[in-house]
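Summary of the model geometry
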Amino acid sequence: MEIIGRVTEGLLLRIAENVDIVEPVSKFTDRLKATTGVRTIFNVGLEDWQPPEGIEYDLIWTQWCLGHLTDSQLVDYLQLCKTVLKPDTGVIVIKENLSTGSVDMFDNEDSSVTRSVHTLTSAAIRRLKLIVCSVPANGSADEMRRFGISLKRQG
């Protein structure tokens, strides 16, 4: 199984043989360089990430970082992710805070946006024809299995 994501030690290294990490701040990834299972560390932002030629991922895990992308960058990033997913079985997981209202909320302090569900799904996901499965933040393993998500190491 090939994975790229941010929740490396607590989840991804437990379920995958190889994990690639995209994180622009190297001080967050320095200690992971010699970690068994960490294959490649890309110290760039999502908007600048370029996966290696010929790579296919089973899972791309994106957590709490899409709010730092513009809508256009978000669409470009998800389009790129879609091109490197294993056909028919690859999964993109997006774990983001969402606005509970109908409008996006911009944070001047960290220059991020908390998108509404409508903005996230219409601006990127629907245009790319991705299948959307929503699991509540407190979702159980049974709820995840209902969507065909199984978090166990293969092999």
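All of the points below concern the structure found in this document.

Re empty space enclosed by the protein
Overall, the coordinates contain two cavities of 30 Å³ or more when judged by the stated rule. By volume, the second largest cavity amounts to about 50 Å³. In terms of lining, the second largest cavity is formed by Leu66, Gly67, Glu96, Asn97, Leu98, Val113, Arg115 and Leu120. Of the residues in the lining of the second largest cavity, the class split is four nonpolar, two polar and two charged.

A few points about the side chain of Thr29
Looking at the element boundaries, Thr29 is found in the loop between strand E2 (18-22) and strand E3 (38-42). Not counting the four nearest positions on each side in its chain, Thr29 is found in contact with Ile21, Glu23, Ile41 and Asn43.

Concerning the side chain of Ser99
Inspection of the secondary structure puts Ser99 in the loop between strand E5 (91-95) and strand E6 (105-107). Side-chain polar atoms of Ser99 contact the backbone oxygen of Val103, separated by 2.8 Å. If sequence neighbours within four positions are ignored, Ser99 has contacts with Met105, Thr114, Arg115, Ser116 and Val117.

Here we look at unusual backbone geometry
Phi is mostly negative for residues that are not glycine, and the peptide bonds are mostly trans. With phi around 50°, Trp64 is a residue other than glycine that occupies positive phi space. Here Trp64 is to be found in the loop between strand E4 (59-63) and helix H2 (71-84). Its relative accessible area of 46% is what places Trp64 among the partly exposed residues. Positive phi, normally seen in glycine, also occurs at Asp88, with a value near 70°. Structurally, Asp88 can be placed in the loop between H2 and E5. Overall, the relative accessible area of 85% leaves Asp88 in the exposed class.

Some thoughts on the nonpolar core
Grouped together as the largest cluster of nonpolar side chains are 20 residues, with contacts concentrated most on Leu46, Trp49, Ile60 and Tyr77. In terms of residue count, H2 provides more of this core than any other element does, six residues in total. Residues in contact with Leu46, not counting those within four places in the same chain, are Val22, Thr62, Cys65, Leu66, Leu69 and Tyr77. The next biggest cluster of nonpolar side chains, apart from the first, holds 11 residues, and it includes Leu11, Ala16, Val38 and Leu59.

Conventions used here
Residues numbered from 1 in each chain as written. Predicted model: local features only at pLDDT ≥ 70, side-chain atom pairs only at ≥ 80, totals over all residues. Heavy atoms only, no water. 1 Å grid on protein atoms, 1.4 Å probe; cavity = no way out; pocket = protein on both sides within 12 Å on 5 of 7 lines; lining within 4 Å. Points joined across faces, edges and corners; volume = space filled by probe spheres on them. Nonpolar A, V, L, I, M, F, W, Y, C, P; charged D, E, K, R; others polar. Helix = DSSP H or I, 4+ residues; strand = E, 2+ residues; numbered from the N terminus. Contact = heavy atoms within 4.5 Å. Polar contact = N/O pair within 3.5 Å; in protein donor to acceptor, adjacent residues only side chain to side chain. Buried < 20%, exposed > 50% of the residue type's maximum accessible area, 1.4 Å probe, protein only. Core = buried A, V, L, I, M, F, W, Y, C linked by side-chain atoms within 4.5 Å.

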